[in-house]
Amino acid sequence: MTETRRIILDCDPGHDDAAAIILALGNPSIELLGVTTVGGNQTLAKITRNAQRVLALCGREDVPVHAGAARPLLHEVETAPEIHGESGLDGVELPEPSVELAPGPAASYIVETVMAAEPGTITLVGTGPLTNLALAARLEPRIVERVHEVVVMGGGYPETNWTPAAEFNIWVDPEAASIVFDEPWPLTMVGLDLTHQALCTPEAEAGIREIDSDLARAFLGLMAFFRKAYQQNQAFEHPPVHDPCTIAYLIDPEVVRTRVAPVHVETAGRLTTGMTVVDLRRQTASEEGVHTRVATELDHAGFWRLITEAIRALG
Ligand code: BDR
Ligand code: CA
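Only a predicted model underlies this, so the values are computations on that prediction, with no experimental measurement involved. (Residues numbered from 1 in each chain as written. Chains lettered and ligands numbered in written order. Predicted model: local features only at pLDDT ≥ 70, side-chain atom pairs only at ≥ 80, totals over all residues. Heavy atoms only, no water.)

### Quick word on the sheet that holds strand S6 (residues 187–190)
What the eight strands build is an open sheet, ordered S3-S2-S1-S4-S5-S6-S10-S7; its pairing is mixed. In this open sheet, the two edge strands, each paired with only one partner strand, are strand S3 (65–67) and strand S7 (256–260). Going across the sheet, the axis of each strand differs from the next one's by a mean of 25°, ignoring polarity. By the bridge criterion, five bridges tie S7 to strand S10 (residues 292–298) in an arrangement that is antiparallel. Residue pairing for S10: Arg 257 is matched across the bridge by Glu 297. (Pairing = 2+ DSSP bridges. Helix = DSSP H or I, 4+ residues; strand = E, 2+ residues; numbered from the N terminus. Axes fitted to C-alpha atoms, helices over the stretch in contact; angles between N-to-C directions.)

This is how it looks when you write it as structure tokens:
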């Protein structure tokens, strides 16, 4: 286990983003300072309300939610209703938020929080398109050397899910992703090669079924919708629960194994825009001067134990 990680979670909930919020709130080695939102799985208005509703479900409306970019840097936003439904979190009734959104846009909140904290103490986690993180890095370049680490769910090598070459989060805003991957901060890419191992199987759900709480029932309802969506759209029997893998990596790097590898994002491919180009050649295996890592191997039972414990801890 590692030291407590103080994080800002930039997300677009989203069934698996909701799972990331739950894991971050329910594990004692994570301190969730704030949630920032970005248009992706659904429109910004919908997914921001979803973030607030998930916090309400967990009894943690004290965590501030800052809305961020409604659309990517250069393109229109592309949403994913076939995976997350019309609301972005279809499948369950969730409580309505009882607190207002926090003032100030996501990028400003990220900058202010990182600049106000001791250097090296804040980790940024991105589980949606990377627009807000790119804007924050441009708004205040000094955050790049001040954050502890950036952890991104996105990309793959060679797994993809949205185009033959690209994963959804990177595809939606490839220019932002390119900025974020190219900044010299330590960055860990938790891509589809890892998250396609995080399947919500009946064994994974078994421990959660034993928990008698509204949160456990809501989680299982969300997973039921997610399962059907993945069966109908991506030929998966059980859904890959991508986004909480970023949090699991921070909690225990033995659960999400990584290796060093240079990564760059294709922004101008004829067929490959949004591709994460991961250099796995032998001659690039040296860690020297490489600021990026990619996730490789998941301890499936360990991952689902973390999720189950978090749901139980939140009551
Ligand atoms: C990513 O895309 C979104 O639909 C999920 O929330 C996840 O962040 C997986 O490609
Ligand atoms: Ca997401």
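### Describing the pattern of salt bridges
For the structure shown, the criterion picks out 14 salt bridges. Close ionic contact of Arg 6 with Glu 31 constitutes a salt bridge, the shortest N to O distance being 3.5 Å. Of this pair, Arg 6 sits in strand S1 (residues 5–11) while Glu 31 sits in strand S2 (residues 30–37); the two residues are 25 residues apart in sequence, bridging distant segments of the chain. Accessibility expressed as a relative area gives 35% for Glu 31, which makes it partly exposed. Here Glu 140 and Arg 142 are joined by a salt bridge, their closest N and O atoms 2.9 Å apart. On the accessibility criterion, Glu 140 (15% relative accessible area) is buried. Connected through salt bridges with shared partners, the residues Glu 205, Arg 209 and Arg 227 form a single ionic network. (Salt bridge = Lys/Arg side-chain N within 4 Å of Asp/Glu carboxyl O. Buried < 20%, exposed > 50% of the residue type's maximum accessible area, 1.4 Å probe, protein only.)

### Some thoughts on the pairing of S2
Burial analysis of S2 places seven of its eight residues in the buried class, which makes it a mostly covered element. Across seven bridges, the pairing between S1 and S2 is parallel. Among the inter-strand pairings, Leu 9 is bridged to a residue of S2, identified as Val 35. Taken together, S1, helix H1 (residues 15–26) and S2 form a β-α-β motif whose crossover is right-handed. The sheet contact formed by S2 and S3 spans three bridges and is parallel. Along S3, the bridge assignment pairs Thr 37 with Ala 67. (Right-handed = clockwise from strand over helix to strand, strands pointing away.)

### Observations concerning the pairing of strand S5 (residues 149–153)
Where burial is concerned, most of S5 is hidden: five out of the five residues are buried. The side-chain alternation of S5 yields two buried faces, one formed by Glu 149, Val 151 and Met 153 and the other by Val 150 and Val 152. Both strand S4 (residues 122–126) and S5 contribute to a ladder of four bridges, which runs parallel. Its bridge partner lying in S5, Thr 123 is registered against Glu 149.

### What about the environment of Leu 222?
By the element assignment, Leu 222 lies in helix H11 (residues 214–234). The class for Leu 222 is buried, based on a relative accessible area of 3%. In sequence terms Leu 222 and Ala 177 are 45 residues apart; their C-alpha atoms lie 28 Å from each other. Setting aside residues no more than four positions away along its own chain, Leu 222 makes contact with His 15, Ala 18, Leu 89, Asp 90 and Val 92. (Contact = heavy atoms within 4.5 Å.)

### Examining unusual backbone geometry
Following Pro 13, the chain continues into Gly 14 via a peptide bond in cis, with omega recorded as -5°. For Gly 14, the location among the structural elements is in the loop between S1 and H1. Following Tyr 157, the chain continues into Pro 158 via a peptide bond in cis, with omega recorded as 25°. By the secondary structure assignment, Pro 158 is in the loop between S5 and helix H7 (168–172). In this model, Ala 235 sits at a positive phi of 55°, which is unusual for a non-glycine residue. Structurally, Ala 235 is set in the loop between H11 and helix H12 (244–251).

### A short note on the packing of H1 against H11
The relative placement of two packed helices comes down to the angle between their axes together with the axis-to-axis distance. At a closest axis distance of 10 Å, the pairing of H1 and H11 adopts a crossing angle of 150°. By the criterion of interaxial angle, the relationship of H1 to H11 is roughly antiparallel. The crossing of H1 and H11 is left-handed. Along its contact with H1, which presents His 15, Asp 16, Ala 18, Ala 19 and Ile 22, the element H11 presents Leu 215, Phe 219, Leu 222, Met 223, Phe 225 and Phe 226. Each residue belonging to the contact of H1 with H11 can be placed in one class, and the counts come to nine nonpolar, one polar and one charged. (Parallel < 35°, antiparallel > 145°, perpendicular 65-115°, else oblique. Left-handed = near helix turned anticlockwise from the far one by under 90°. Nonpolar A, V, L, I, M, F, W, Y, C, P; charged D, E, K, R; others polar.)

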